[in-house]
Amino acid sequence: MNLTLKIWRQKDSKTKGQMVDYKVTDISEHMSFLEMMDVLNEQLINAGEEPVAFDHDCREGICGMCSMYINGEAHGPDRGVTTCQLHMRMFKDGDTITIEPFRAKAFPVIKDLVVDRSSFDRIQHAGGYISVNTSGNTQDANAIPISKHAADEAMDAATCIGCGACVATCKNSSAMLFVGAKVSQYALLPQGQVEATDRVKNMVAQMDLEGFGNCSNTGACEIECPKGISLENIARMNRELLKATFKG
Amino acid sequence: MSRFFTSSIGRKYAMALSALFLMFFLLQHFAINILSVFSPNAFNEASHFMGTFWAVQYLLQPVLLFGVIYHFVMGFILEIKNRNARVVKYAKNNGAANSSWMSRNMIFSGLAILAFLVLHFIDFWIPEINTKYIQGDMSGLLADGEGYRYYEELTHKFVNPLRVGAYIVAFVFLSLHLMHGFSSAFQSSGVSSMRKEKLQKFGKAYAIIIPLGFILIALFHHFNH
Ligand code: HEM
Ligand code: SF4
Ligand code: FES
């Protein structure tokens, strides 16, 4: 199929960017969206032009690197997938596709479609972990009984790959689905209890510091999240913060 | 504690609390207004009680005033903060793909409600305060002393079709506001999804029935006059 692409081009974080039109031809419907971008870049390189910079790593939907806001949706029109898993069969011959970087004050553009998501790393550093001794005398994890229900819910929360689609999608650029998932995966397990109070307080404080917006419960994040992280995790984070506040 | 209320989540709790109080107030207001359709007498008695009972006047009324003002001021603050969290807007954004119009436009439905509240204050609240606390007439009686004035005043307001029209538009926006707001307030307060599913049905019913009820009461008095 033949497509028109409208792509955000921006030289670096300091230069102003703009949308630029490109044409690609003979795109197979079996290609992934990133493979289509590879075709475009090969074309640009052959013509002596600067290729479009975009993030990617695993190309199998687990690393969370690939981003892109495609036709007004994070990771494009398909559900439960990242951009590397989005197939060109979701589009039609002759389509115009608008491709923009994930947009949020806390995700500044580095170049073209590449954004800096280190604000997520700093939130994780603020408390998204448990402190365990790893010097060789670690306790066997199976020695601690955990109900199947709690284990399943914690696992669901832990599948968040930190891609940032929730922030990109949210009309308020809120990071609450991400932070809710990261708080929940520990809040549901006995190992997470020891540091629970400080964890939620510090992670929420860091989230606010990074300049993310406030949640309006539109639910857009849950729909666009490639891992189906549920809004329930935000409600749980809110409860955890209230609990932590009363504990002091 | 102070850090809690200035955090993004603390603000949401406070927003939800003020909203829950407003929804409770709305229900009570509706219960009294509906009396005017069935029994002018009962409406007069209830209005006089609410208008003169000290706990309502000096406890609930200030809480309500604070609740309304807090709610819309915080609504504006959140809106500004949220807009600032995305400096460069998307060239193409398909919000309808993942969220309801109501949830994305709470500030607009809220502004419509605020415009109505200003009218409502001029229509009812300021004359009430003037009669009772400035002129000092706590009797609740008509000027000629023949019975209570509340029913007369109410029906008189609904003669003008323009006012009835504005009233209807405002309540349609209130309905849209609550379509999202009702369940949103419970999500903000951290109610778990299992309980929320049941609440959601109740919330949709509340968001339709209560505003529709207010509209029907206005129409009833308009055509009954
Ligand atoms: C006076 C004018 C009003 C304005 C400007 C206003 C504005 C807003 C805004 C902007 C929000 C969204 C907050 C957010 O995104 O987090 C909101 C939420 C809400 N509003 Fe209003 N509102 C008004 C009146 C009312 C009234 C009269 C009621 C109920 C009778 C009401 C009920 C709600 C509810 C239930 C929510 C959801 C709270 C939550 O998400 O936690 N609002 N309002
Ligand atoms: S919650 Fe979903 S959308 Fe948000 S960062 Fe995690 S995986 Fe991505
Ligand atoms: S490149 Fe790893 S998830 Fe897409």
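What counts and how
Residues numbered from 1 in each chain as written. Chains lettered and ligands numbered in written order. Predicted model: local features only at pLDDT ≥ 70, side-chain atom pairs only at ≥ 80, totals over all residues. Contact = placed C-beta atoms within 7 Å. Helix = DSSP H or I, 4+ residues; strand = E, 2+ residues; numbered from the N terminus. Nonpolar A, V, L, I, M, F, W, Y, C, P; charged D, E, K, R; others polar. Near = placed C-beta within 6 Å. Pairing = 2+ DSSP bridges. Core = buried A, V, L, I, M, F, W, Y, C linked by C-beta atoms within 7 Å. Buried ≥ 20, exposed ≤ 12 C-beta atoms within 10 Å, placed from the backbone. Domains from an automatic or database assignment. Axes fitted to C-alpha atoms, helices over the stretch in contact; angles between N-to-C directions. Parallel < 35°, antiparallel > 145°, perpendicular 65-115°, else oblique. Left-handed = near helix turned anticlockwise from the far one by under 90°. Expected span 1.5 Å × (residues − 1). Bend = angle between axes of the 7 residues up to and from the residue.

### A closer look at the interface of chain A and chain B
No. 1: Listed as interface residues are 37 residues of chain A and, on the opposing side, 35 residues of chain B.
No. 2: Elements with a contribution of two residues or more to the side of chain A that touches chain B: strand E5 (96-100), helix H6 (196-209), helix H7 (220-224) and helix H8 (232-247) of chain A.
No. 3: In terms of residue class, the side of chain A that touches chain B is built from 13 nonpolar, 15 polar and 9 charged.

### Regarding the site of ligand 1
No. 1: Lining the immediate environment of ligand 1, one finds 29 residues, of which Ser-216 of chain A together with Ala-19, Gly-75, Gly-110 and Gly-181 of chain B sit closest.
No. 2: Contributions of two or more residues to the shell around ligand 1 are made by helix H2 (8-38), helix H4 (54-84), helix H6 (106-134) and helix H8 (161-188) of chain B.
No. 3: Its residues placed into classes, the shell around ligand 1 shows 17 nonpolar, 10 polar and 2 charged.

### Observations concerning the sheet that holds strand E2 (residues 18-24) of chain A
All names here are of chain A.
No. 1: Taken together, 5 strands build an open sheet; the order of strands is E2-E1-E5-E3-E4 and the sheet is mixed. On the outer flanks of this sheet lie E2 and strand E4 (73-74), each paired with one strand and no other.
No. 2: Pairing geometry for strand E1 (residues 3-9) and E2, over 7 bridges, is antiparallel. Counted as the bridge partner of Ile-7 is Val-20 from E2.

### A word on the pairing of E5 of chain A
Residue and element names in this part refer to chain A.
No. 1: Here 4 bridges tie E1 to E5, and the two strands are oriented parallel to one another. The residue bridging Leu-5 from the neighbouring strand is Ile-97, located in E5.
No. 2: Direction of pairing for strand E3 (residues 69-70) relative to E5: antiparallel, over a ladder of 2 bridges. Counterpart to Tyr-69 in the pairing with E5 is Glu-100.

### A closer look at the nonpolar core
All names here are of chain A.
No. 1: Membership of the largest hydrophobic core comes to 88 residues, with the highest contact counts inside it found for Cys-166, Val-167, Leu-177, Phe-178 and Val-179.
No. 2: Both of domain 1 (3-111) and domain 2 (117-247) provide at least three residues apiece to this core.
No. 3: Those residues in contact with Cys-166 that lie beyond four places of it in its chain are Ala-175, Leu-177, Phe-178, Cys-221, Glu-224 and Cys-225.

### Details of the packing of H6 of chain B against H8 of chain B
Residues and elements named next belong to chain B.
No. 1: Between H6 and H8, the least distance of the axes is 9 Å, while the angle of their chain directions is 140 degrees. Taken together, the axes of H6 and H8 lie oblique to each other. Where H6 crosses over H8, the two elements pack in a sense that is left-handed. Note on element contacts: H8 touches H6 through Ala-166, Ala-170, Phe-173, Leu-174, Leu-176, His-177, His-180 and Gly-181, opposite Met-106, Ser-109, Gly-110, Ala-112, Ile-113, Phe-116 and Leu-119.
No. 2: Looking at side-chain class alone, the contact of H6 with H8 contains 10 nonpolar, 5 polar and no charged residues.

### Focus on the site of ligand 2
Residues and elements named next belong to chain A.
No. 1: The environment of ligand 2 is formed by 14 residues, the closest being Cys-160, Cys-163, Ala-165, Cys-166 and Cys-225.
No. 2: With 3 residues, helix H5 (residues 176-187) is the single largest residue contributor to the shell around ligand 2.
No. 3: Here the shell around ligand 2 is built from residues that sort into 11 nonpolar, 2 polar and 1 charged.

### Focus: the domain arrangement of chain A
All names here are of chain A.
No. 1: Looking at chain A, the domain boundaries give domain 1 (3-111) and domain 2 (117-247).
No. 2: Distance from the C-alpha centre of domain 1 to the C-alpha centre of domain 2: 29 Å.
No. 3: Counting residues at the interface gives 18 residues for domain 1, matched by 17 residues for domain 2.
No. 4: Among the residues making up the side of domain 1 that touches domain 2, the classes are represented as 9 nonpolar, 6 polar and 3 charged.

### Structural notes on the environment of Phe-72 of chain B
No. 1: Mapped onto the secondary structure, Phe-72 of chain B falls in helix H4.
No. 2: For Phe-72 of chain B and Asp-123 of chain B, which are 51 residues apart along the polypeptide, the C-alpha to C-alpha distance reads 20 Å.

### Let's talk about unusual backbone geometry
Residue and element names in this part refer to chain A.
No. 1: Non-glycine residue Ser-173 carries a positive phi angle of around 50 degrees.
No. 2: The residue Ser-173 is located in the loop between helix H4 (165-169) and H5 in this model.
No. 3: One non-glycine residue, Asn-217, lies in positive phi territory at about 55 degrees.
No. 4: Structurally, the position occupied by Asn-217 is in the loop between H6 and H7.
No. 5: Residue class for Asn-217 comes out buried when judged on the 24 C-beta atoms lying within 10 Å of it.

### Quick notes on helix H9 (residues 193-224) of chain B
Along an α-helix, a turn takes 3.6 residues, which lines up residues three or four apart on a common side.
Residues and elements named next belong to chain B.
No. 1: Over its 32 residues, H9 runs 45 Å from end to end, which matches the ideal 46 Å to within 8%, given 1.5 Å per residue.
No. 2: At Leu-199, H9 shows its largest kink, close to 30 degrees.
No. 3: Along H9, the residues that are buried comprise Gly-203, Ala-207, Pro-211, Phe-214, Ala-218 and His-221.
No. 4: Elements that come into contact with the buried residues of H9 comprise H2, helix H7 (150-157) and H8.

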